[in-house]
Each structure stands twice: as structure tokens, then as C-alpha cells.
Amino acid sequence: MYPSSPLLVFSGALLLVGLCAVPSAQGQEPSGGMSDIEAQAADLVEEMTLEEKAALASGQAFWTTEPVERLDLPSIWLADGPHGLRRTSSPGDIGMGGSRPATCFPTAAGLAAAWDTSLVRRVGAALGEEAQAQDVQVVLGPGANIKRSPLGGRNFEYFSEDPILSGRMASAYIQGVQSEGVGTSLKHYVANNQEYHRMSTSAEVDERTLREMYLRSFEIPVKQADPWTVMVAYNRVNGTYATENDRLLRILDEDWNHEGIAISDWGAVQNRIPAAKAGLDLEMPGNDGHDQQLVQAVESGELDESVLDRRVRETVEIVLRGDSLHRPDVEFDEAMQERHHELAREAAAESFVLLKNENDFLPLDENADQQIAVIGAFAQTPRYQGAGSSRVNPTQVSTAYEGFANVLGEDQLTYAAGYSLGEDGGDADSLRAAAVEAARSADVALVFAGLPPASEAEGSDRTQLQMPESHNRLIDAVTDAQPSTGVVLSNGSAVAMPWRDGPKAILETWLAGQAGGAAKADVLFGRVNPSGKLASTFPKRLSDTPAYLNFPGEDREVLYGERFFVGYRYYDEKDIEPLFPFGHGLSYTSFDVNTLTLSADSASSSEGVTARAEVTNTGDRRGREVVQLYLHDPESRLRRPPQALRGFRKVALAPGETTEVTFALRGKDFAAWDDRRDRWTVESGDYEVRVGTSSRELPLRQTVHIDGPPADQGSLLDRYSTIDQWLQHPQGRNVILPLLKKMQAAMGGGGDGDAMGISEILGSMPLSSLSGLSGGALTDEMIDKLVQRVRSANMPSEETPQD
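What counts and how
Residues numbered from 1 in each chain as written. Predicted model: local features only at pLDDT ≥ 70, side-chain atom pairs only at ≥ 80, totals over all residues. Heavy atoms only, no water. Helix = DSSP H or I, 4+ residues; strand = E, 2+ residues; numbered from the N terminus. Rg over C-alpha atoms; globule rule 2.2 N^0.38 Å. Buried < 20%, exposed > 50% of the residue type's maximum accessible area, 1.4 Å probe, protein only. Contact = heavy atoms within 4.5 Å. Areas by Shrake-Rupley, 256 points an atom, 1.4 Å probe, with all protein chains shown as cover. Pairing = 2+ DSSP bridges. Axes fitted to C-alpha atoms, helices over the stretch in contact; angles between N-to-C directions. Phe/Tyr/Trp six-rings, centres within 6.5 Å; stacked < 30°, edge-to-face > 60°. Lys NZ or Arg CZ within 6 Å of the ring centre and 35° of its normal. pLDDT = per-residue confidence, 0-100. Parallel < 35°, antiparallel > 145°, perpendicular 65-115°, else oblique. Left-handed = near helix turned anticlockwise from the far one by under 90°. 1 Å grid on protein atoms, 1.4 Å probe; cavity = no way out; pocket = protein on both sides within 12 Å on 5 of 7 lines; lining within 4 Å. Points joined across faces, edges and corners; volume = space filled by probe spheres on them. Nonpolar A, V, L, I, M, F, W, Y, C, P; charged D, E, K, R; others polar. Core = buried A, V, L, I, M, F, W, Y, C linked by side-chain atoms within 4.5 Å. Polar contact = N/O pair within 3.5 Å; in protein donor to acceptor, adjacent residues only side chain to side chain. Patch = residues over 30% accessible without salt bridge, like charges linked within 9 Å, V, L, I, M, F, W, Y side chains within 5 Å. Salt bridge = Lys/Arg side-chain N within 4 Å of Asp/Glu carboxyl O. Lys, Arg positive; Asp, Glu negative; His and termini not counted. Charge placed at Lys NZ, Arg CZ, Asp CG, Glu CD.

> What exactly am I supposed to notice about the overall build of the chain here?
Of regular secondary structure, the chain possesses 22 helices and 25 strands. Taken against the 2.2 N^0.38 rule, which gives 28 Å for 803 residues, the C-alpha radius of gyration of the chain at 29 Å falls within 12% of a compact globule. Here the C-alpha coordinates of the chain stretch approximately 100 × 70 × 50 Å along the principal axes. Among the 803 residues that make up the chain, the fraction classed as buried is 62%. The contacts of the chain with a sequence gap of at least 6 include a subset with a gap of at least 24, amounting to 78%. For the chain, the accessible area works out to roughly 29,000 Å², and carbon and sulfur atoms hold 44% of it.

Okay, structure coming up:
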């Protein structure tokens, strides 16, 4: 077993925060099928001693599971992702000395901006190939946590502020990796949305918000892609550590029917016995002390051995699956390395978002006789990945300057650093002055700026929305000196742009991976037409953000006070103009989205409707557009955001070409979580379908009437419901109206009216209060009978809407 040194485990937890995700795979099964693996696992567990089973409940070393040599049960290897493999030289090496070379793809923030599930699936498959070559059975990724605040330190590792986009990207990633016979680990389950005190903070979040936002981002990939493992987070949720939160683990296992195992983030288990009872299968890394606690708990009767047997059996199934699907003939040779580098270049270019392009400043003409000032240290020393456990040792790294030189030759380029790569230093003024002179002497200037590595790292959150002052001042100075200036940003999350009006163009390139430099040249010179869209809103100022008053919390608690008004939902609700809205992104060509039609004017939620729209490339370049569909519910009993993303399609079109995109809207697309019923519910009524190219550009709108499943409306009323609520309810009104008329008559108001007069007085009062006002004429027992009468009305119970 791995030595259970508290210091080593603690330092690993701090330094390898993102390593703690476990892979899920969908590769081909061995010839006998899963039923044989299940039977084999059951037989092996039956033969194990109690001590062997307890040992299998945690890892052997930092990256491997516990083998049982006596039974020929092997050990499998788990390795960090999510945007590249971080395979160390030995199982006990926590990775501080580096890792084996691997392809560094764009981080999740960039991949999501491509809005292209097929691309993400290909990246996942490439990661699966490299895992096979490196004898890794589970890749720790993807990260599906929602970007609650732009200040989140690991936002670069996560996809989006929207659960539909995040969930579908995670599904594609998992499907890609697992298609190669390698598992994944969907992480970090759940509400792990900050780095500040992440190992102890309690996310205080109401049930509806949890279901609709934070759990939904995990539910989609669990149901669509079946990850081998789900990694359970460090933090507490509503006071209980996620690793021992039986309700959350029961949702994963029972509500979503997850077939894989729940594993802990590295060092996340605080109390081993409650975690085992709650549903945690595997603790990572190895922990001898906790293993012994399991033995003692079984022997004392505190833990039923059948519970331990189930946990171990499910882990053994993953071990057997990973071992049987390993392909030792796969090599990470030069051919694979080059192929994956080119895929990384393609993925980077597809992820770039053209935020601004005044007077078609971009693309630059590579055949023009012009001098270009390449300004900014990031042009020669790129920031292409985040800091922390996801850090990859790349096979090669391209720079933007090299990319430009390959297109133009160095004689047309002038380079100036413009700022120091460290914190703002004493040489900032001289570096900026040299950059201004280079810009003034050139025909065109491009400033490469963004966030330094220390700003976005595992273990700490950002403290401000601004980029370093040296970067902001450089952009201002260069745009003053050279009107023909563009800005190229490298960052993993939104930044403020006080200089937005200065440059002609702004290109967001995220943390673009090892091939990002060449990809920037591809896009800036028009060899690739940008097609990325923002997967998260860029706010104008930090005080505009939804979680501004409640991030990152205090006293080991953080209140999710904005509820489900996260990201664009909040800006829409508050009518706040963002810097750049969710879904925004320009192209070098133009598109027209038109002719929205629905398959029906009305339908049941189970039948749903199909929306169709046409999109035409009206420009003179081949390009790709992302057509987005949002739903608006104008008359919901439950409060809902103004609109919510429900579908997207990315299409490639030649100039003048038209195609049709379709969206199937079903079940849960129309649903909201109903706390009173403790389930998803679809309210009957009109819904507006909105289609366009960003959350703020939705010109096409059609209305459809949806009939939800027959609801058990009576369950909404109880003795504490107000008189108004009873009167607004169809069955409740019939029950209570005669009672109110009698009370009105007794109070001298006559009994022939509609009792509205007394309802105006008593409307906000709970029904239970009437027993005290009736002078004994209405007892508590009578009130209980009224409630039962409504609940027993012949209304069938509601079905759970399906995805």
C-alpha cells in the first residue's frame, strides 16, 4: 500500500487538485461481454479476505489501484487529464518532477468555445489513444463544473456557465476517450466552483438550483456517455462533505443509473465509514489508516460487510474492464505525435472567438507588402495551459511569432516584448516605450496580451477581472500610436477590457495548447475562418456578475444566492449589457438565419416538437456558424430565467450555400425542478422558441403550446398554504369557497356573495389560522380533512420528464 503520510497526501491534494478525476470508457468489451466481467468480479470478491477487500477500497499508490496477486487481480493506472495526459514515471511519483511527453490540447474553456461536439469527441479519442500507449486505464477528466464566477481559479479546466453546453461537451469528450477502451473520470461532483477553501467550504445551494444548474451539467454526460468513474469533490454541499453525501451519491447511482464507480478526489475523504455507507466506491490515493477503519467497522458491526462487498465488486469490474481493453501494441510514436499535434492545431483554431473586427481589419493579407509589429511577450513565450495538476509536458510548442515567420518570413516582422512575463516590474515603462516605437514604425501592430500563469491556477481564485496593468497600458499606448492595431488574448476566463474601443480587432484565443501559435497565424491570416462562440459571458465589470456578493464566501461557507440566475440568465433577468454576450462570435464571412418553423402548434411534452431553421452563407468565404436555440416560458407558476439554451448546431457552408438545421425539443427541455413536488415538472402552457446566433441575437421566434403530464395538483396544497393559494387552485377553490361564504355570513357580510371580500382580508393567511379565527367552528381535524379531500381528487400523478 501507499504510505499514508499526512504531509504527502496533503501536499498532493494541494498541488494536484485537478488530478483527482477518474476516467470513463466506452471502448469495445472483451469477447465475453460485461456480464462475464460482472460474474468474474463477484467471484473474486467472494474469495477475498476482509483485509483484501478493505485494501481495494483505496488505491495502492498515488496513481494506481490495489492489486491482489493471490487472485491474479491486476492494478490499473489513473492519470491526469483533462486536456492532455500527465503520466508520471512511477505510481508513487506525484508529478512534481514532470511527466512523460504528451499532446497538450486546448483547455476545456477553448474546446467549449468551438461549440462542436464532433471535434471534442475527436480530441477525446486522441487522448484515449495516448492513454493506451502509456498504459493508462483511466483519464481523470473531463471537468463539468459550472463557471459560477469569472474569478474561479480553474475556469480554464471547465466548459461553460450553461449546463446544457457543458453537459454535451463533457459527453462528447467521454465518448471519444472511451471509444479507445480507456475510462474517464467526470469531475468534480458537485458544486466545486471555486478554489478558495475548496477542501472544506460548504456550498449552500437550494435544491432547484442544484438540480437545474450544477447537477444538470453532470446528469447529461452520465446518461449520454456513461463514464467509467465520477470523481467526487473535496467540498461540502449544504454542510455535508460530498464524499459522504448519501443524497448526492444516491442521485448518481439510483436516479441516473450510473453504471461506473464513484471515486474520491485525491485526499478528499474525511470520514471513511460514512463515505462507504453513502456510496463512495474508491478512495484515492491509498490510505492504510482508512483501510484499517473499514476492517474494524465490519468486525464491530458498524458497517455491513455486504456494503463493502458491493463497493469493492464495482471497483474490481472497472479494473477488469481496463485491463482487458488495454492494447499493448499501441505506441506513441512520431506519426501519432504529429497527427495529434495537427489535431491540437485544428482544435485551437476552431475555438478562437473573434470578438471585434472593425472595418474587416482581419484577416491580414499575407501577400501584402507590409511591416507587422508583433508586440507582447506571449507572442514568443506563449501561455498555452493552466497551472496545477492538469499541467502537461508537451511534445512540442509553437509560438505566434514562429507562425507569422512561417507565413511571411522574418523580414516583415518586428518584435517587441512590451511587458515582463513576471509581475509588473521596473522595466515596464522602457518595454512599453520600445513597443510603441515598433508599432509606430510598422503598418500594422498586433498586441499579444492576457493573464499571467499565476492568475489562473489550481488552489487559488482570481481576485479581480482586470488583466495586469502592464498589459492594459501597453494596449492603450500601442493603439494611440498605431490606429491599425489588433489585440490577441490568452486567458482561461473572462477579462475586463477598458481599452475595448481602441483596437480594430480583438481575438480571444484562450489557453490554446501546444499548437496554439500556429493556429493563431492560421486565423489571423485567414487560412482558417474563425467560428468560435463564447461559452461564458464576458461582463463589463466585476460588480455586474451574478455571484458578486457571494463569492468566494466566508467562514467555510459560500451562499449560492444568485440561485439559477447564473451567467447569461442573470444578465438577461437584470437587463445588464455585458461586454460580450454568451454565444457571441464573429466570422470573416456573414450568415443569415431565417425561416423558423415548428412541427406543430401544440403537443404533449412527451411528443415534443421539432424546430427547423435555414442558415445561409451570405459572404464570400467558406465559414462555419453556430445556430443556437433558447426557450422562453412566459407564464410559468415557477420563476424561470428569461430564456435558457436548449440546443445548438454548428454547420459549415460555402459562399451562397444554404442548409437546414433541426432541433428536437422533448420532455426535460420544457421542465423545471419543482421543490414542492420534489421532481421535474412540465407546466402546461405556451413556450416561445427563439433561434439565432447568440443569446442577444435571437431574431427568429415561434410559440408552441405544450401540454405537460397530468399533474398531481393537490399535492401543492397543505394546511399552511394561504387562502389565496387555495382559491387559485381549481380543486382547492371548490373546497374552500363554501367555507369562506359561511365565515363571511357569520361576520355579518351575507352569504350570497363570492366571498372575495373576506379573501381580501384573509388572503395571505395560512388555512391553518382559520381554526383560531372560527371560534371552534373549524377544527384542526376538519382542516386536515379538507387537505385530504383535495389530495384525493381524481388527478393522476405526474411522470418524470425524460431527456
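Back to the write-up after that little detour.
> What should I look at first to understand the sheet that holds strand β20 (residues 644-653) in this one?
As a general point, the strands of a sheet are linked pairwise by backbone hydrogen bonds and lie either parallel or antiparallel. Strands sit in the order β17-β25-β24-β19-β20 across an open sheet of five strands; the sheet is mixed. Of all strands in the sheet, those bounded by a partner on one side alone are β17 (602-604) and β20. The mean angle between the axes of side-by-side strands here comes to 30 degrees, regardless of whether they run parallel or antiparallel. The sheet contact formed by strand β19 (residues 623-632) and strand β24 (residues 685-692) spans five bridges and is antiparallel.

> I keep staring at the packing of aromatic side chains and nothing clicks. Help me out?
Note on aromatic pairs: each is described by the distance of the centres and the angle between the planes. This model, assessed by the stated rule, comprises 18 aromatic pairs. With 6.2 Å between their ring centres and 75 degrees between their planes, F404 and F448 make a pair best called edge-to-face. Of this pair, F404 sits in helix α13 (residues 400-408) while F448 sits in strand β12 (residues 444-450), and the two are 44 residues apart along the sequence. A residue is classified by how much of its surface remains accessible, and F404, at 0% relative accessible area, is buried. We classify F448 as buried; its relative accessible area is 1%. Considering the side-chain rings of Y568 and Y630, the 5.8 Å spacing of their centres and the 90 degrees angle between planes classify their relative orientation as edge-to-face. One end of the pair, Y568, is in helix α17 (residues 568-574); the other, Y630, is in strand β19, with 62 residues separating them in the sequence. Residue Y568 shares its accessibility class with Y630, and that shared class is buried. Of the aromatic side chains, those joined through ring pairs into one cluster are W115, Y568, F582, Y630 and F648. A cation over an aromatic ring shows up here: R211 above the ring of W673, its NZ or CZ 4.1 Å from the ring centre. Directly above the ring of W680 sits R216, whose terminal nitrogen or CZ lies 6.0 Å from the centroid.

> Got a minute to help me understand the confidence of the model for the chain in this structure?
Should pLDDT be low for a region, the predicted coordinates there are not to be read in detail. Confidence in the prediction for the chain averages 91 pLDDT; 91% of positions are at 70 or higher. Across residues 1-33, confidence stays below pLDDT 50; counting only partners more than four residues off in sequence or on other chains, it has 153 contacts.

> Sorry if this is basic, but what is going on with the packing of helix α7 (residues 207-225) against helix α8 (residues 246-255) here?
When two helices pack together, you describe them by how their axes are tilted relative to each other and by the distance separating the axes. Relative to each other, α7 and α8 sit at 40 degrees, their axes nearing to 11 Å. Accordingly, the angle class assigned to the pair α7 and α8 is oblique. Relative to α8, the crossing made by α7 is right-handed. Contacts from E207, L210, R211, L215, V222 and K223 of α7 reach α8 at R247, L248, I251, L252 and D255.

> I keep staring at empty space enclosed by the protein and nothing clicks. Help me out?
One water molecule sets the probe size; rolling that probe over the atoms shows where empty space is left. Within this structure, the stated rule accounts for seven cavities of 30 Å³ or more. A volume near 260 Å³ is recorded for the largest cavity. Along its surface, the largest cavity is lined by 23 residues, and E212, R640, A644, R646 and A671 are the ones closest to its centre. Mapped by element, the contributors of at least two residues to the lining of the largest cavity are α6 (163-178), α7, β19 and β20. If you tally residues by element for the lining of the largest cavity, the top one is α7, at four residues. In the lining of the largest cavity, the residues fall into twelve nonpolar, two polar and nine charged. Residue lining of the second largest cavity: 20 residues in total, with K147, P150, E161, S536 and T537 positioned closest to the centre.

> Can you walk me through the packing of α6 against α7 in this structure?
Contact geometry for α6 and α7: axes closest at 8 Å, N-to-C directions at 30 degrees. Between α6 and α7, the interaxial angle falls into the category roughly parallel. In this structure, the crossing between α6 and α7 has a hand that is right-handed. Taking contact as the criterion, the partners of P163, I164, S166, G167, R168, A170, S171, I174, Q175 and Q178 in α6 are, on α7, E212, M213, R216, S217, I220, P221, Q224 and A225. Counted by class, the contact of α6 with α7 contains eight nonpolar, seven polar and three charged residues.

> Any chance you could explain the pairing of β20 here in plain terms?
Regular strands show a simple pattern: their side chains alternate between the two faces of the sheet. In terms of burial, β20 is a largely internal element, eight of the ten residues being buried. The sheet contact formed by β19 and β20 spans nine bridges and is antiparallel. The residue of β20 that forms the bridge with V627 is R649.

> Explain α13 to me, please; I cannot follow it from the model alone.
The α-helix winds at 3.6 residues per turn, so residues separated by three or four positions along the chain end up facing the same way. For α13, a buried count of seven out of nine residues is recorded, marking the element as mostly surrounded by other parts of the structure. By the burial criterion, the buried members of α13 are A400, Y401, G403, F404, A405, V407 and L408. Against the buried residues of α13 lie β10 (372-375), β11 (413-416), β12 and α16 (516-524). One or two residues past the end of α13 sits G409, with phi positive at roughly 90 degrees.

> When you look at the nonpolar core in this model, what are you seeing that I'm missing?
One recurring pattern in soluble globular proteins is that nonpolar side chains are buried together. The biggest cluster of nonpolar side chains holds 123 residues, and the ones touching the most others in it are M48, L73, Y189, V190, Y214, W266 and V316. Not counting residues up to four positions away in its chain, the partners in contact with Y214 are I146, R148, V190, N193, V205, T209, Y560, E562 and V566. Counting 64 residues, the second-largest nonpolar core is a separate cluster that includes A405, A416, I475 and F525.

> Explain the side chain of E350 here, please?
Along the chain, the position of E350 falls in helix α12 (residues 334-351). Reaching out from E350, the side chain makes a polar contact with the side chain of R624 at a distance of 3.0 Å. Looking at E350, its side chain comes within polar contact range of the side chain of K650, at 3.4 Å. Setting aside its immediate chain neighbours within four residues, E350 contacts A113, A114, L119, S531, G532, R624 and K650.

> How should I be thinking about unusual backbone geometry in this particular structure?
In most cases, non-glycine residues show a negative phi, while peptide bonds are predominantly trans. For the peptide bond that leads from G81 to P82, omega is 5 degrees, which places it in the cis range. Its location among the elements puts P82 in the loop between β1 (78-80) and α4 (108-113). Put simply, M284 and P285 share a cis peptide bond, and its omega is -10 degrees. Residue placement: P285 occurs in the loop between α9 (272-278) and α10 (288-300).

> Is there a simple way to explain a negative patch on the surface in this structure?
Side chains of D329, E331, D333 and E334 sit close together on the surface and give a patch of like negative charge. Relative to the helices and strands, E331 is located in the loop between α11 (305-325) and α12.

> It is not clear to me how the pairing of β11 should be interpreted in this structure. Could you clarify?
Here β10 runs beside β11; their pairing, made up of four bridges, is parallel. When the bridges of β11 are listed, I372 appears paired with L413.

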